[in-house]
Amino acid sequence: MTGEQLLQGLWAILPEIVLLLLGILVITIDLIKPGQRKGRTFGALTIGGALVTTLIIIYQAINQPPEPVLAFAGMVRIDLFVQMFRLMFSVALLLAALISLDVKGVKTNGEFYGLLIFSTVGMGFMAASNNIVMLYVGLETTSIALYMLAGFIRESTVSTEAGMKYFLFGAFTSTILLYGLSLLFGFTGGKTGYAEIAATLQQLAAQQETLPLMVALVLIAVGFGFKVAAVPFHMWTPDVYEGSPTPITAFISVASKAAGFAVFIRFFLIVFGPLQEQWIGFVALLAAVTMTLGNLVAMQQRNFKRMLAYSSIAQAGYLLIGVTAVGELGTAAVLFYLATYVLTNIAAFAVAEIATNATGSELIKDMAGLSRRAPGIAFALLAAMLSLAGVPPLAGFFGKFYVFQAAIGYTNPTGQNSLVWLAILGVLNSIVALYYYLMVLKVTYVDRAEGEDVPLTTSGGFKLALATTVAGMIFFGIFATPLYTLSTLAAQAVR
Amino acid sequence: MSNTSFVALFPLFIGLSVVLFSLGVIGVLVRRNAIIIFMSVELMLNAANLAFIAFARSFNQIDGQVFVFFVMVVAAAEVAVGLALIVAIFRSKQSINVDDINQLKG
Amino acid sequence: MLNLEIIIFGALALITVVAAVMMIIARNAVHSALFLVVVMSSLAVFFLGLWAPFIAMVQVALYAGAIMVLFLFVIMLLGAERAGARLLLAWQAPLAIGLTVLVVLLGALLLLNTAPFEVVDLPAAEITEGTAEAIGQALYSVWLFPFEAVSILLLVAMIGAVVMTRQETRQEARDERKKKSL
């Protein structure tokens, strides 16, 4: 490796380096500073660092060369697709840190912010990976930090329980993924780079030797399915979402899911591209089951965080439709959807935390009267629920619109529009989902509760986070084009 | 060591690896003790390692062995974290039976 | 020559599989852990036979040594030898075994149907042996980046393990009490 190559490589992974240094800084300060005077130092540092990282990513994305940058012997590949995912991760980190500022048990804890930052670094590696070794290392870095964060509040039995369930399930599925990778490694004659594997698969597909490859594909899909919370690998989701500290729930539900989709898209479109005809049916089925089951079970939930968990499973189903509709349209739709989903879901979980703090209960019925106690918070909830349901003029509407459009526009090699049924099922599901999102709004806006004339005071971190996300939802709902153009450019860069 | 050692038996290595992996999956699904579930996951990891090493030998290259090296490092990290979580949950619930750890339900 | 190899392989494979089964069905968690050590040690012998001496060494030192000792330590620390001895929920067992039979059949099918592995018997001089030197060369050239990335993973695991198991310090406990009494 020459000096010039090294510099180019370091520049390519600058966002991860900045975050890594930030994480180490936070941990070190936590060790040095005495207990009482820690205050919000770490939260502020994390927010500042995430902001700097976001700016670096934006600068890099603007100056992104048209050809993908392959660095460190082809281990990482940086293109616009990766930059867009990095942007989502760092914004998610920023917002998660903002809503952690006033959460009991984590707000002044340096290790908490440190682990949050390290897991974001892992996500960056996942999205940028161009080699199965790198994929595995990135995935594990992300997951291991998140297991800890889910179980972070040791005094709370539900938090440790969430941590352990997440861990056992995650370790199990990531091992299945690893086995799939080992089979893929074997069937392709010892290739580890994505491009080399894809080239070999092309030959094998031409010789019709696809059955063993399908076994590897299914095993790998299990690992990715866990990350994105797709049915039937979703069993951990409700428990972990309910038990984890709320900022972590929000972070897992957006950033970890986005990272899962980054590798899902890269792997299935590029590496398994030659097997497209074989896997489309499989992933379409996954999408259909995921959104239907997620929505049906979400309707029966009484706990708000649990309802959001099933709602996020359903959202994974809609996103999988975009993956199924292979190609630029589908990928661009997924990217747009994910970007708006980051804002929406973090807002929803921030409101969940505020309501829980105010009433001491996570049940939906106890959110009654919120609109009179805190009109601003209730408005944020309104925006988040409507955006999740896909009601115009909020950003979530365009996400769904583009995904369904991609499914309808998809034509298989024989020229048929074979995914129309999936789009119709998606629309039906959105209608069903509207019911439970509106139920929450009915409780907050219509139902009466005792003590509803007591105004609810909310701290600055929450207010800022909610203001940002709601502004984002409305902005991207009205001016969807710039973000969609960026998504399209990023989708073009995948190949 | 003879240079021919084990080469003719190559498919058997993959067969053994599949059997060990399946046993690990059974262990995860049937046991209720969190530590034994975790040990079953380790068994699955070992099965994957065996497959990697066997493939690396058959292609006469070293990348498979390097991958196994990484897997081992990851496994070590995972064990440290996993056992720490198990200790934490034992302290709060006095049990590591996954049937008792079901406060979250709905 | 081949017969001897088959005998060695067969014996070791038998030990491995039996130990793995025993690990799963043992009632006592300590026994399970010890059976897993047997599995790992016999895998190390296979690794040696597959020209991977460095990995075999790491397998014994890291897996059978460090990791399993940690397992045993935690089992004994928690006194969890007999926890969860009851085997399974009624519906899970048939499901698990059915699934597994399916997987094994599928595996067998794969092996019989497709033989993409053409194992060429090379003269010893041409075999790439995974010595410490060869692995080190690979790690510090092509695999440098994942190698560095893994150090982050280890840092995370270290921090995490400390956070999860740390007892409250005396100072923090005193602060807590003071807060409560106020």
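Here the structure is a predicted model, which means the values were calculated and not measured. (Residues numbered from 1 in each chain as written. Chains lettered and ligands numbered in written order. Predicted model: local features only at pLDDT ≥ 70, side-chain atom pairs only at ≥ 80, totals over all residues.)

**Points about the interface of chain B and chain C**
It is common to report an interface's size as the accessible area lost on association of the parts. Test applied: This entry defines residue contacts through backbone-placed C-beta atoms, with two residues in contact when those atoms are within 7 Å. Secondary structure elements follow DSSP: runs of H or I no shorter than four residues count as helices, runs of E no shorter than two count as strands, and numbering proceeds from the N terminus. Residues are grouped as follows: Ala, Val, Leu, Ile, Met, Phe, Trp, Tyr, Cys and Pro are nonpolar; Asp, Glu, Lys and Arg are charged; every other residue, Gly included, is polar.
Taken residue by residue, the interface counts 65 residues in chain B and 74 residues in chain C. Sorting the residues of the side of chain B that touches chain C by element identifies α1 (10-30), α2 (34-58) and α3 (63-93) of chain B as the ones contributing at least two each. When residues in the side of chain B that touches chain C are grouped by element, the largest group, 21 residues, is from α3(B). Grouping the constituent residues of the side of chain B that touches chain C by class yields 46 nonpolar, 15 polar and four charged.

**Overview of helix α3 (residues 41-62) of chain A**
Residue and element names in this part refer to chain A. Short version of the rule: What a helix is expected to span follows from its residue count: subtract one and scale by 1.5 Å. Working definition of burial: number of other C-beta atoms within 10 Å of the residue's own, with buried at 20 or more, exposed at 12 or fewer, and partly exposed in between, all C-beta atoms being placed from the backbone. The directions considered for the arc run from the helix axis to the C-beta atoms.
Compared with the 32 Å implied by 1.5 Å per residue over 22 residues, the 32 Å span of α3 between its first and last C-alpha is a close match. Along α3, the positions that sit buried rather than exposed are F42, G43, T46, I47, G49, A50, T53, I57 and Q60. Each buried residue of α3 sits inside an arc of 165° when the element is viewed along its axis, so together they form one side. Counted as exposed and oriented over 90 degrees from the buried face of α3: Y59 and I62. Residues of α3 that are buried in the fold lie against α2 (14-32), α4 (80-100) and α5 (110-128).

**A closer look at the confidence of the model for chain C**
One rule of thumb: low pLDDT means the predicted coordinates there are not for detailed reading. Residue and element names in this part refer to chain C. What counts here: For every residue, the pLDDT score states the predictor's confidence, bounded by 0 at the bottom and 100 at the top.
For chain C, the average pLDDT comes to 80, and 71% of its residues sit at 70 or higher. Mean pLDDT in chain C bottoms out at helix α7 (residues 170-181), which sits at 58, and peaks at helix α2 (residues 29-49), which reaches 93. As a predicted assembly, this complex carries a pTM of 0.93 together with an ipTM value of 0.93.

**Observations regarding the nonpolar core**
Rules: When buried Ala, Val, Leu, Ile, Met, Phe, Trp, Tyr and Cys residues are joined through C-beta atoms within 7 Å, the set is termed a nonpolar core. Segmentation of the chain into domains, including their bounds, is taken from an automatic or database domain assignment.
Formed by 312 residues in total, the largest nonpolar core has its most connected members in A92(A), I346(A) and I35(B). Broken down by element, this core gets its largest block of residues, 22 residues, from helix α14 (residues 328-359) of chain A. Mapping this core onto the domain boundaries places at least three of its residues in each of domain 1 (1-83) and domain 2 (143-182) of chain C. Those residues within four positions of I35(B) in sequence are excluded, and the remaining contacts are I86(B), I96(B), A29(C), F71(C), V74(C), I75(C) and A80(C).

**Section: the environment of Q103(B)**
Among the secondary structure elements, Q103(B) is positioned in the segment after α3. C-alpha separation for the pair Q103(B) and V79(B), spaced 24 residues apart in sequence, amounts to 24 Å. Apart from residues no more than four positions distant in its own chain, Q103(B) is found in contact with T157(A), V158(A) and E161(A).

**Let's talk about the environment of A127(A)**
Residues and elements named next belong to chain A. Topologically, A127 is positioned in helix α5. Sequence separation between A127 and A259 is 132 residues; the distance between their C-alpha atoms is 6.2 Å. Those residues in contact with A127, other than ones at most four positions away along the chain, are V82, F85, R86, A259 and A262.

**Some thoughts on the confidence of the model for chain B**
Residues and elements named next belong to chain B. Taken residue by residue, chain B gives an average pLDDT of 84. The fraction at 70 or more is 89%. Across chain B, element-level confidence peaks in α2 with a mean pLDDT of 92 and bottoms out in α1 with 86. Contacts for the low-pLDDT stretch residues 1-5, under 50 throughout, to residues beyond four places or in other chains number eight contacts.

**Looking at the interface of chain A and chain C**
Across the boundary between the two partners, chain A contributes 29 residues, which contact 24 residues of chain C. Listing elements by their share of the side of chain A that touches chain C, those giving two or more residues are α2, α5, α6 (132-150), α7 (157-187) and α9 (211-228) of chain A. Among the elements that line the side of chain A that touches chain C, the one with the most residues is α6(A), at eight residues. Here the residues of the side of chain A that touches chain C sort into 20 nonpolar, five polar and four charged.

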